[in-house]
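Understanding the architecture of this molecule
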Amino acid sequence: MKGCALPYPELRLSIKLAQIGVSTPQICESLGISPQYVSKWKHRFQNEGVVCLRVAYRGSQSFLTDAQREVVLAWIGQHESLRLEELCSYLEVNYGIT
């Protein structure tokens with residue numbers, strides 16, 4: 001499991017404890033989690049392996065395409081100093097982002 005980004009520390013620990021033979025009630029008491037939580041992740045880990053533990057959240061879609069982002073960064077680079085209000089105005093006028 002090394003190098004795997006898990007969403008909650010108790011998830012990683014509950015799986016490790018289950019793997020070394022600690023009972024579900026002991027895990028629940030030690031970590032303050034429900035038996036259903038332990039059971040769910042223990043079974044998923046047994047059936048799917050580490051893949052089930054990856055964080056599924058991928059973030060939101062960007063307001064700008066990669067090309068647009070490059071244009072904005074180039075525009076920012078043309079200014080010695082820039083106020084946030086100026087950047088917001090530029091984004092609204094050129095890309096409709098408010």
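Our subject in this report is the structure included herewith. Values in this document were obtained by computation on a predicted structure and should not be read as measured data.

If you look at the biggest cluster of nonpolar residues, it comprises 7 residues: Leu64, Val72, Trp75, Leu87, Tyr90, Leu91 and Ile97. For this core, the elements supplying multiple residues, two or more each, are helix H4 (66-77) and helix H5 (84-95). With 3 residues, the top contributor of residues to this core is H5. In this structure, Leu17, Ala18, Ile27 and Cys28 belong to the second largest nonpolar core, which totals 6 residues.

In this section: the pattern of salt bridges. Summed over the entire model, instances satisfying the criterion amount to 3 salt bridges. In this structure, the salt-bridge partner of Glu48 is Arg44, at a minimum N-O distance of 3.5 Å. One end of the pair, Glu48, and the other, Arg44, are both in helix H3 (residues 35-48), 4 residues apart, so they sit about a helical turn from each other. A salt bridge links Arg83 to Glu85; its shortest N-O distance comes to 3.5 Å. The residues Arg83 and Glu85 share a single accessibility class, namely exposed.

Our focus in this paragraph is the packing of helix H2 (residues 24-31) against H3. Where H2 contacts H3, the axes come no closer than 9 Å and their chain directions differ by 120°. In terms of orientation, H2 and H3 fall into the oblique class. The two elements H2 and H3 cross, and the hand of that crossing is right-handed. Contact residues: H2 offers Thr24, Ile27 and Cys28, while H3 offers Pro35, Val38 and Lys42. Of the residues contributing to the contact of H2 with H3, the split by class is 4 nonpolar, 1 polar and 1 charged.

What follows concerns the packing of aromatic side chains. Across all of its chains, the model carries 2 aromatic pairs by this definition. Where Trp75 meets Tyr90, the ring centres are 3.9 Å apart and the plane angle is 10°; that geometry is what we call stacked. You can see Trp75 sitting in helix H4 and its partner Tyr90 sitting in helix H5, a full 15 residues away along the chain. Exposure remark for Trp75: the relative accessible area of 17% places this residue in the buried category. Aromatic pair Tyr90 and Tyr95: ring centres 6.2 Å apart, planes at 65°, arrangement edge-to-face. Among the residues examined, Tyr90 registers a relative accessible area of 14% and is labelled buried. Grouping aromatic residues by their ring pairs yields a cluster made of Trp75, Tyr90 and Tyr95.

Conventions used here
Residues numbered from 1 in each chain as written. Predicted model: local features only at pLDDT ≥ 70, side-chain atom pairs only at ≥ 80, totals over all residues. Heavy atoms only, no water. Core = buried A, V, L, I, M, F, W, Y, C linked by side-chain atoms within 4.5 Å. Buried < 20%, exposed > 50% of the residue type's maximum accessible area, 1.4 Å probe, protein only. Helix = DSSP H or I, 4+ residues; strand = E, 2+ residues; numbered from the N terminus. Salt bridge = Lys/Arg side-chain N within 4 Å of Asp/Glu carboxyl O. Axes fitted to C-alpha atoms, helices over the stretch in contact; angles between N-to-C directions. Parallel < 35°, antiparallel > 145°, perpendicular 65-115°, else oblique. Left-handed = near helix turned anticlockwise from the far one by under 90°. Contact = heavy atoms within 4.5 Å. Nonpolar A, V, L, I, M, F, W, Y, C, P; charged D, E, K, R; others polar. Phe/Tyr/Trp six-rings, centres within 6.5 Å; stacked < 30°, edge-to-face > 60°.

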